[in-house]
Amino acid sequence: MVNENDNWNYTVPSSAVSTNWVTLGFNDSGWSTGPGGFGMGDGDDNTSLPGGTISVYQRIIFSITDVAAIEKVIFNIDYDDAFVAYINGIEICRADISSVDQPPFDQVADNLHEAQLYQGGYPFQQQLDLTWVIDNLTTGMNVLC
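Residues numbered from 1 in each chain as written. Predicted model: local features only at pLDDT ≥ 70, side-chain atom pairs only at ≥ 80, totals over all residues. Heavy atoms only, no water.

Caption draft 1: Structural context of the nonpolar core. One finds Ile70, Phe75, Phe83, Ile87, Ile92, Leu137 and Leu144 to be the most contacted residues of the largest nonpolar core, which totals 22 residues. Taken together, the elements giving at least two residues each to this core come down to β1 (7–11), β5 (57–64), β6 (73–77), β7 (83–87) and β8 (90–95). Discounting residues that sit within four places of it in the chain, phenylalanine 75 has contacts with Phe83, Ala85, Ile92, Cys93, Phe124, Gln125, Gln126 and Leu144. Grouped together as the second largest cluster of nonpolar side chains are 11 residues, Trp21, Val22, Tyr86 and Ile97 included. (Core = buried A, V, L, I, M, F, W, Y, C linked by side-chain atoms within 4.5 Å. Buried < 20%, exposed > 50% of the residue type's maximum accessible area, 1.4 Å probe, protein only. Helix = DSSP H or I, 4+ residues; strand = E, 2+ residues; numbered from the N terminus. Contact = heavy atoms within 4.5 Å.)

Caption draft 2: Seen up close, the pairing of β5. Here β1 pairs with β5 via 3 bridges, running antiparallel. Pairing of tyrosine 10 across the sheet is with glutamine 58, part of β5. (Pairing = 2+ DSSP bridges.)

Caption draft 3: View of the side chain of aspartate 28. If you trace the backbone, aspartate 28 turns up in the loop between β1 and β2 (32–35). Relative accessible area serves as the criterion here: at 13%, aspartate 28 is assigned to the buried category. Ignoring any residue separated from it by four or fewer positions in sequence, one finds aspartate 28 in contact with Asn9 and Arg59.

Caption draft 4: Local environment of a nonpolar patch on the surface. Nonpolar side chains collect at one region of the surface, where Leu24, Ile61 and Met141 lie side by side and expose about 260 Å² of accessible area between them. Within the secondary structure layout, isoleucine 61 lies in strand β5. Judged by relative accessible area, which is 39%, isoleucine 61 ranks as partly exposed. (Patch = residues over 30% accessible without salt bridge, like charges linked within 9 Å, V, L, I, M, F, W, Y side chains within 5 Å. Areas by Shrake-Rupley, 256 points an atom, 1.4 Å probe, with all protein chains shown as cover. Salt bridge = Lys/Arg side-chain N within 4 Å of Asp/Glu carboxyl O.)

Caption draft 5: Structural view of the packing of aromatic side chains. Applying the stated criterion across every chain yields a total of 9 aromatic pairs. Here the aromatic rings of tryptophan 21 and tyrosine 86 are separated by 5.9 Å at their centres, their planes lie at 80°, and the arrangement is edge-to-face. Residue tryptophan 21 is located in the loop between β1 and β2, and its partner tyrosine 86 is located in strand β7; the two are separated by 65 residues in the primary sequence. Both residues of the pair, tryptophan 21 and tyrosine 86, belong to the buried class. Ring geometry for tyrosine 79 against phenylalanine 124: centres 6.4 Å apart, planes inclined by 75°, an arrangement best described as edge-to-face. Residue tyrosine 79 is located in the loop between β6 and β7, and its partner phenylalanine 124 is located in strand β9 (residues 124–128); the two are separated by 45 residues in the primary sequence. Judged by its relative accessible area of 24%, phenylalanine 124 falls in the partly exposed class. An aromatic cluster of three or more residues is present, and its members are Trp21, Phe26, Trp31, Tyr57 and Tyr86. (Phe/Tyr/Trp six-rings, centres within 6.5 Å; stacked < 30°, edge-to-face > 60°.)

Function-wise, these values are silent; they only describe arrangement.
In structure tokens form, the structure reads like this:
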């Protein structure tokens, strides 16, 4: 449903972002746009972020033709140093960031974690429960953040 090089809307915040940024109805028209693969310009990123960036908020709208036809959803992410992922406003998984609910824009990762793909490794992978998928994805527009 979402591929590595798809264009995302994103922002590098310098202050708190509305907690509804993870919902489909959030207006991100003032955000930047760039292809997936965000990073600090070390040669393996499609979209380079400014040096010193602590966090980046990313959103992509995707469409599903028929939720009832879905047999499996697998979320893959190659990340450095932490992430929290949401679909339609609901957290689906996180790694290396321990705050409750949405982390503040200036929270640093709990641990250092290097991206894996460029080293010949594998991305983080999470299979979503099919009942959750049917209950929380919609036929039509959805948002991954």
